[in-house]
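Here are the chains, one letter per residue:
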Amino acid sequence: MCMVIFAPLFAIFAFATCGGYSGQLRVSVDCINKSDSNLSIGINFAYPFRLNRVDFDVPMCEGRRQERLYLIGDFSSSAEFFVTIAVFSFLYSLLATVVYIFFQNKYRENNRGPFIDFIVTVVFSFVWLVSSSAWAKGLSDVKTATDPDEVVLLMSACKVQTNKCSSVYGPRWSGLNTSVVFGYLNFVLWAGNIWFVFKETGWHKGGAARYPASSSEKQTTAFNQQVYNQGSFDQSGAAFTGTGDFAQSEYSQVGNYASSGPVSYTNQ
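Let me begin by describing the structure that accompanies this report.

Conventions used here
- Residues numbered from 1 in each chain as written.
- Predicted model: local features only at pLDDT ≥ 70, side-chain atom pairs only at ≥ 80, totals over all residues.
- Heavy atoms only, no water.
- Pairing = 2+ DSSP bridges.
- Helix = DSSP H or I, 4+ residues; strand = E, 2+ residues; numbered from the N terminus.
- Core = buried A, V, L, I, M, F, W, Y, C linked by side-chain atoms within 4.5 Å.
- Buried < 20%, exposed > 50% of the residue type's maximum accessible area, 1.4 Å probe, protein only.
- Contact = heavy atoms within 4.5 Å.
- Disulfide = S-S within 2.5 Å.
- Axes fitted to C-alpha atoms, helices over the stretch in contact; angles between N-to-C directions.
- Parallel < 35°, antiparallel > 145°, perpendicular 65-115°, else oblique.
- Left-handed = near helix turned anticlockwise from the far one by under 90°.
- Nonpolar A, V, L, I, M, F, W, Y, C, P; charged D, E, K, R; others polar.
- Phe/Tyr/Trp six-rings, centres within 6.5 Å; stacked < 30°, edge-to-face > 60°.
- Salt bridge = Lys/Arg side-chain N within 4 Å of Asp/Glu carboxyl O.

We now examine the pairing of strand β3 (residues 55–59). The pairing of β3 with strand β4 (residues 66–70) spans 5 bridges and is classified as antiparallel. Within the sheet, the bridge partner assigned to aspartate 57 lies in β4 and is arginine 68. Here β3 hands over to β4 after 6 residues, with cysteine 61 in that stretch at a positive phi of 60 degrees.

In structure tokens, the structure reads:
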């Protein structure tokens, strides 16, 4: 039930916070000639973070001349992989919810549904871990590439000591940090669901069916042993009784012989 409720929500939060992100940073270039200065240079970037395609114009502090620069790095592979896994996870969670609710009999037929569900759950657990780790590393690189203090080092005007370059403000990372957190939460959710899906498969049912059979066999063996012991005891008792009767019969014969006294013969 937790899987049905939380998996679609966690997947939505993961790809929404990453795929819908857009950020901005601002830097300033203060030239000796104030007319050449630009104290608010805005640089915008967004998902999928192909920063090497993000351009911006900055003054060169040489009259009205400007230069066009680009940010460094292409981090689209890790970001797109993360969002793709989140989207497919969301779609499969919806499909699984519909099957659990409306097609329960078909799901359990021949154990095919639980087997497929188990394999898919294991796969999603693995790819969530991989994609979240890859995106966490990619996000760290994005933060470095868009650090205003690093961006000003790309400007030729900032290499001249008489010019002053500084950062106005940097991007806000709360949304992307949240996406990484939800990525790992999705991994925990899917990995924890492996056991519950495994219990629905024939592997678990087959193992559980063997233990009652063994207990039944033990009970049958114990009962037979008890019957055998009881039978042996009855036979021994009968034999003992028979021996006692034989002794009593023999004793009676001797007693009768003794009570009859001596036999006298008269010569007639």
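Let's shift gears to the nonpolar core. With 45 residues, the main nonpolar core has Phe45, Phe49, Phe56, Trp128, Trp135 and Met155 as its most contacted residues. Every element with two or more residues in this core is listed here: α1 (2–19), β1 (22–30), β2 (38–46), β3, α2 (76–102), α4 (112–145) and α6 (174–198). Among all residues touching tryptophan 135, those that are not within four sequence positions of it are Cys18, Phe49, Ser78, Ala79, Phe82, Leu176, Ser179 and Val180.

Here we take up the state of the cysteines. Under the counting rule described, the total for this entry stands at 2 disulfides. Disulfide pairing places cysteine 31 opposite cysteine 61 at an S-S distance of 1.7 Å. For the disulfide bridge between cysteine 31 and cysteine 61, the dihedral angle about the S-S bond is near -70 degrees, and by the sign convention the bridge is left-handed. Pair noted here: cysteine 31 is in the loop between β1 and β2 and cysteine 61 is in the loop between β3 and β4, with a separation of 30 residues, a long-range link. A relative accessible area of 18% places cysteine 61 in the buried class. Paired by a disulfide, cysteine 158 and cysteine 165 hold their sulfur atoms 1.9 Å apart. Taking the sign of the torsion about the S-S bond as the criterion, the disulfide between cysteine 158 and cysteine 165, at about -95 degrees, is left-handed. The connectivity of the disulfide bonds within the protein chain can be written as 1-2, 3-4, using the sequence rank of each bonded cysteine.

Moving on, we get to the packing of α4 against α6. In the contact formed by α4 and α6, the axes pass within 8 Å of each other and the chain directions differ by 160 degrees. In terms of orientation, α4 and α6 fall into the roughly antiparallel class. As α4 packs across α6, the resulting crossing turns out to be left-handed. Class assignment for the residues of the contact of α4 with α6 results in 18 nonpolar, 9 polar and 2 charged.

This next bit is on the packing of aromatic side chains. Counted under the stated rule, the structure contains 17 aromatic pairs. Taking 4.9 Å as the distance between ring centres and 35 degrees as the angle between the ring planes, the aromatic pair formed by phenylalanine 13 and phenylalanine 182 counts as tilted. A residue pair is termed long-range when its members are at least 10 positions apart, and phenylalanine 13 in helix α1 and phenylalanine 182 in helix α6 qualify at 169 residues. By relative accessible area, which is 40% here, phenylalanine 13 ends up partly exposed. Measuring from ring centre to ring centre gives 6.1 Å for tyrosine 21 and phenylalanine 45, while their planes differ by 50 degrees; the resulting arrangement is tilted. Taken as a pair, tyrosine 21 in the loop between α1 and β1 and phenylalanine 45 in strand β2 lie far apart in primary sequence, 24 residues in all. As far as the burial class goes, tyrosine 21 and phenylalanine 45 line up, both buried. Grouped by ring-pair contacts, the aromatic residues Tyr21, Phe45, Tyr47, Phe49, Phe82, Trp128, Trp135 and Trp173 constitute a single cluster.

This part is about the sheet that holds β2. Taking strand neighbours across the sheet as the criterion, the 3 strands line up as β2-β1-β5 in an open arrangement whose pairing is antiparallel. Each having just a single partner strand, β2 and β5 (164–169) make up the two edges of the open sheet. Along the sheet, successive strands turn relative to each other by an average axial angle of 25 degrees, direction set aside. Direction of pairing for β1 relative to β5: antiparallel, over a ladder of 5 bridges.

We now examine the pattern of salt bridges. Following the criterion strictly, the structure yields 5 salt bridges and no others. Between arginine 68 and aspartate 57 there is a salt bridge, and its shortest N-O distance comes to 2.9 Å. One end of the pair, arginine 68, is in strand β4; the other, aspartate 57, is in strand β3, and 11 residues separate them in sequence. Between aspartate 141 and lysine 137 there is a salt bridge, and its shortest N-O distance comes to 2.9 Å. Separated by 4 residues within a single helix, aspartate 141 and lysine 137 lie in helix α4, roughly one turn from each other.

Shape descriptors only; they carry no functional weight alone.
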